[in-house]
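# A closer look at the structure
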Amino acid sequence: MEEYSTTVRLSGFVLGSLMFQHLNTDSDVEGLLVGESVREEKSKITDSQTDHIQFLHTINIQKHITCRRIHSFYNNACEIDEEKIREITSNFNEENVIGWYRQRRNTTQQMTLKEQLVHQNLRRLLPHQELIFILLTPSDTTSSGSTHRLEYTAFIWNGSQYSSVLISIGNLGMLDQQDYWRFSTTCPSLSRCQAVKKHKTKFFSTEDDLREVEKVSNMNDALLDEMKTACEKVEKSERLVEKLQADITELKEAISKQKKKQQQCNTTETSTPNEPKENVLLCAALKALFPNSPSLRTQTLTVQGFPVLEVCCSSEHGIDIPSRLPLVLEYEQGLRKRKTSRDCRSQEKSQVAGTSLRRKRKRNTTDTQDPVEEEEVDNLQDSNSPVF
Amino acid sequence: MAVSAVHLESDAFLVCMNHALSTEKEEVMGLCIGEVDTNRIVHIHSVIILRRSDKRKDRVEISPEQLSAASTEAEISFNFTHRLAEMTGRPVRVVGWYHSHPHITVWPSHVDVRTQAMYQMMDQGFVGLIFSCFIEDKNTKTGRVLYTCFQSVQAQKGSEYERIEIPIHVVPHEAIGKVCLESAVELPRILCQEEQDTYRRIHSLTHLDPITKIHNGSVFTKNLCSQMSAVSGPLLQWLEDRLEQNKQSIVELQKEKERLIQELASL
């Protein structure tokens with residue numbers, strides 16, 4: 001009979017580090033897991049069976065690699081970016097990448113479809129076939145915000161579906177000080193015997209101090225010193241990271257201020273982009289040609305297409321018509337000549353007909369028409385428009 | 001008056017969590033360092049791991065007198081070593097305590113509530129934090145860690161105390177502070193000192209024969225090896241990983257800084 005058992009292990013420091021990463025981020029976080037996988041076979045003999053074999057698979061997670069942002073190594077179609085994976089794991093042997101993780105707030109402990117697809121695609125790419133996915137889901141337990149919870153599970157593909165595996169947190173466990181003996185055995189012969197006296201010096205450096213205790217204490221002290229040195233290096237690097245982040249924030253603020261300043265200068269020098277620029281030459285030409293038609297000198301029309309008289313340009317632009325617009329001057333002179341000859345002919349006709357065509361057209365216009373507009377209509381209908 | 005909320009900086013939270021997760025067989029405790037502002041919000045920006053002189057598996061609290069002595073010593077040591085008061089321009093002091101509940105519910109026991117009430121007699125703004133860990137749901141194969149914050153008030157009936165919930169927010173603090181780092185690496189040192197003290201006490205018993213002494217030496221070696229394997233080793237690993245991560249961040253941040261300097265110069 002065979003029995004399969006999988007265990008996932010990580011230290012409290014790795015779990016703490018994962019929690020720390022998520023607490024410092026507003027969004028979900030993701031990353032890869034590095035560790036090793038150990039398989040063991042145990043034979044177990046029981047009263048009922050002599051061939052009970054236990055296959056134990058232990059996955060030890062040693063560290064996690066943080067991804068700067070989510071979806072960094074896969075796209076929206078859950079396809080893995082091999083280049084990105086290689087970049088992330090450049091300092092590690094790809095065989096040591098044993099899984100990936102995701103942390104998402106206020107959600108259930110279930111793999112989403114997207115996570116399942118990413119996992120399958122990662123399995124195809126990475127050499128370690130029994131890849132694990134760890135899901136961490138922090139949430140609030142009470143509405144007051146006094147109590148918070150983090151749940152965590154490992155998921156592994158077992159050929160037909162994903163199964164969840166309990167994560168075991170490695171810790172000190174029982175440092176059982178009850179293991180110390182406070183009393184000796186009640187055998188005085190043991191203390192006096194030649195065997196003990198002869199070999200005692202191999203264990204004791206002086207009368208009372210044990211060599212083994214000295215050696216392990218020295219090794220532990222050396223380890224603590226090494227840890228202190230590592231701590232000092234980490235502290236320096238933390239301060240440097242902090243300083244660089246502060247410098248970057250300052251630079252971004254300075255750039256933003258500079259850009260705003262430049263934008264303000266640009267807007268004061270030129271007119272606002274929303275207002276159309278006035279063609280002063282055209283305005284002067286229209287004024288010269290149609291002095292009694294101020295509505296022609298507007299750039300603003302109503303929705304129905306009528307000129308808005310309130311915004312008609314009435315300013316003198318100081319344009320010297322003979323030098324800047326000589327054609328307008330020529331035309332104006334021609335217009336005056338034509339008008340004079342037309343007036344003479346109409347006087348002759350009116351004497352014959354009695355009522356002019358102009359007056360008939362006048363009566364056809366609306367009663368509410370402004371007298372200025374009436375004149376404008378007359379002017380326009382006299383074919384005064386320049387021909388270009 | 002009760003505290004309105006607790007703001008615990010994430011690097012201080014990390015130290016508490018590491019300490020709580022260091023052992024599933026006994027409760028651990030420590031002190032919270034920080035200040036209380038005018039809105040009655042307690043700001044905790046570091047913690048001190050406490051060494052327990054009388055270890056019991058199921059109890060962790062110390063008497064108010066011991067707490068007061070420990071707090072004074074902690075504050076003196078803390079301010080002397082770190083000169084935090086000078087650096088921040090604000091007085092810093094012990095503002096609360098935390099302890100762990102391995103394999104048990106996060107809610108404070110009646111003893112915890114009574115202990116908290118006694119601490120509050122010395123300082124009404126004193127808060128208690130509890131970290132519950134090593135909780136496992138065998139059915140769903142889910143592990144769980146919880147943390148809560150509380151104070152104590154006199155119950156309406158009788159002379160007992162009851163807990164009141166205090167909202168707790170973990171405030172992001174991406175870079176780990178010097179004080180928190182030093183507190184984190186204090187844990188293996190404290191464990192080693194506790195073990196050495198226990199061993200010396202037993203080894204000093206005069207009536208022990210050589211075989212017993214050799215046995216006790218082996219127990220000491222075994223226990224120290226357990227500490228190195230379960231605590232010092234993983235902690236050293238984490239420090240090295242953090243250093244590596246910071247080195248990569250420094251390279252990326254320096255590139256970003258140079259790019260921004262060029263952008264500013266071009267404007």
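Reading guide: rules and limits
- Residues numbered from 1 in each chain as written.
- Chains lettered and ligands numbered in written order.
- Predicted model: local features only at pLDDT ≥ 70, side-chain atom pairs only at ≥ 80, totals over all residues.
- Heavy atoms only, no water.
- Helix = DSSP H or I, 4+ residues; strand = E, 2+ residues; numbered from the N terminus.
- Buried < 20%, exposed > 50% of the residue type's maximum accessible area, 1.4 Å probe, protein only.
- Areas by Shrake-Rupley, 256 points an atom, 1.4 Å probe, with all protein chains shown as cover.
- Contact = heavy atoms within 4.5 Å.
- Salt bridge = Lys/Arg side-chain N within 4 Å of Asp/Glu carboxyl O.
- Pairing = 2+ DSSP bridges.
- Axes fitted to C-alpha atoms, helices over the stretch in contact; angles between N-to-C directions.
- Nonpolar A, V, L, I, M, F, W, Y, C, P; charged D, E, K, R; others polar.
- pLDDT = per-residue confidence, 0-100.
- 1 Å grid on protein atoms, 1.4 Å probe; cavity = no way out; pocket = protein on both sides within 12 Å on 5 of 7 lines; lining within 4 Å.
- Points joined across faces, edges and corners; volume = space filled by probe spheres on them.
- Parallel < 35°, antiparallel > 145°, perpendicular 65-115°, else oblique.

### Remarks on the overall build of chain A
Along chain A, the regular secondary structure elements total eleven helices and eight strands. When burial is assessed residue by residue, chain A has 36% of its 388 residues classed as buried. Surface exposure of chain A reaches about 24600 Å², of which carbon and sulfur atoms provide 51%.

### So, the overall build of chain B
Broken down by element type, chain B carries six helices and eight strands. Residue burial in chain B is summarised as follows: out of 267 residues, 55% are buried. At a minimum sequence separation of 6, the contacts of chain B that also span at least 24 residues come to 70%. Summing over all exposed atoms, chain B offers an accessible surface of approximately 12000 Å²; the carbon and sulfur share of this is 52%.

### Thoughts on the pattern of salt bridges
Per the stated rule, a full pass over the model turns up 24 salt bridges over all chains. Across the pair B:Asp241 and A:Lys63 runs a salt bridge, and its minimum N-O distance is 3.0 Å. Here B:Asp241, found in helix H6 (residues 210-266), pairs with A:Lys63, found in strand E3 (residues 52-66), and the two come from separate chains. Overall, B:Asp241 belongs to the buried group, its relative accessible area being 18%. Taking relative accessible area as the criterion, A:Lys63 reaches 16% and is therefore assigned buried. Linking B:Glu263 and A:Lys259 is a salt bridge whose minimum nitrogen-to-oxygen distance equals 3.3 Å. Of this pair, B:Glu263 sits in helix H6 while A:Lys259 sits in helix H6 (residues 211-269), each in a different chain. Here B:Glu263 falls in the partly exposed class, since its relative accessible area comes to 22%. Connected through salt bridges with shared partners, the residues A:Asp28, A:Glu30, A:Arg102, A:Arg104 and A:Glu115 form a single ionic network.

### Some words on helix H1 (residues 10-20) of chain B
Counted residue by residue, H1(B) has eleven buried out of eleven residues, so it is predominantly covered. Residues B:Ser10, B:Asp11, B:Ala12, B:Phe13, B:Leu14, B:Val15, B:Cys16, B:Met17, B:Asn18, B:His19 and B:Ala20 constitute the buried set of H1(B).

### Quick word on the pairing of strand E4 (residues 93-102) of chain B
Residue and element names in this part refer to chain B. Where burial is concerned, most of E4 is hidden: nine out of the ten residues are buried. In this sheet, E4 lies alongside strand E2 (residues 29-36) in antiparallel orientation, the contact comprising six bridges. Within E4, the position partnered with Gly 30 by the bridge is Tyr 98. As paired strands, E4 and strand E5 (residues 127-137) are joined by seven bridges and run parallel to one another. Bridge pairing in E5 links Pro 102 to Cys 133.

### With respect to the packing of helix H1 (residues 12-23) of chain A against H6(B)
The interhelical angle for the contact between H1(A) and H6(B), taken along N-to-C directions, is 35°, at an axis separation of 9 Å. From H1(A), A:Phe13, A:Ser17 and A:Phe20 reach across to H6(B), where they touch B:Ala230, B:Val231, B:Pro234, B:Leu235, B:Trp238 and B:Arg242. Here the residues of the contact of H1(A) with H6(B) sort into seven nonpolar, one polar and one charged.

### A closer look at the confidence of the model for chain B
The predicted model of chain B averages 87 in pLDDT, with 85% of residues at 70 or higher. For this predicted complex, the interface confidence comes out at an ipTM of 0.91, alongside a pTM of 0.77.

### Here we look at the pairing of strand E4 (residues 97-103) of chain A
Residue and element names in this part refer to chain A. Judged by how many residues are buried, E4 sits mostly within the fold: seven of seven residues are covered. Across six bridges, the pairing between strand E2 (residues 29-44) and E4 is antiparallel. Paired with Val 34 across the strands is Val 97, a residue of E4. In this sheet, strand E5 (residues 132-140) lies alongside E4 in parallel orientation, the contact comprising five bridges.

### Here's the deal with the layout of surface pockets
The gaps left among the atoms become clear once a water-sized probe is rolled over them. Roughly 1400 Å³ of internal volume is contained in the largest pocket. As for the largest pocket, its lining consists of 44 residues, of which A:Thr66, A:Cys67, A:Arg68, B:Gln245 and B:Ser249 are closest to the centre. Its residues assigned to classes, the lining of the largest pocket shows 13 nonpolar, 17 polar and 14 charged.

### Details of the packing of H1(B) against helix H5 (residues 178-203) of chain B
Residues and elements named next belong to chain B. Their axes nearest at 9 Å, the elements H1 and H5 cross at an angle of 5°. Compared by their axis directions, H1 and H5 come out roughly parallel. In contact with Asp 11, Ala 12, Val 15, Asn 18 and His 19 of H1, H5 contributes Cys 180, Ser 183, Ala 184 and Leu 187. Its residues assigned to classes, the contact of H1 with H5 shows five nonpolar, three polar and one charged.

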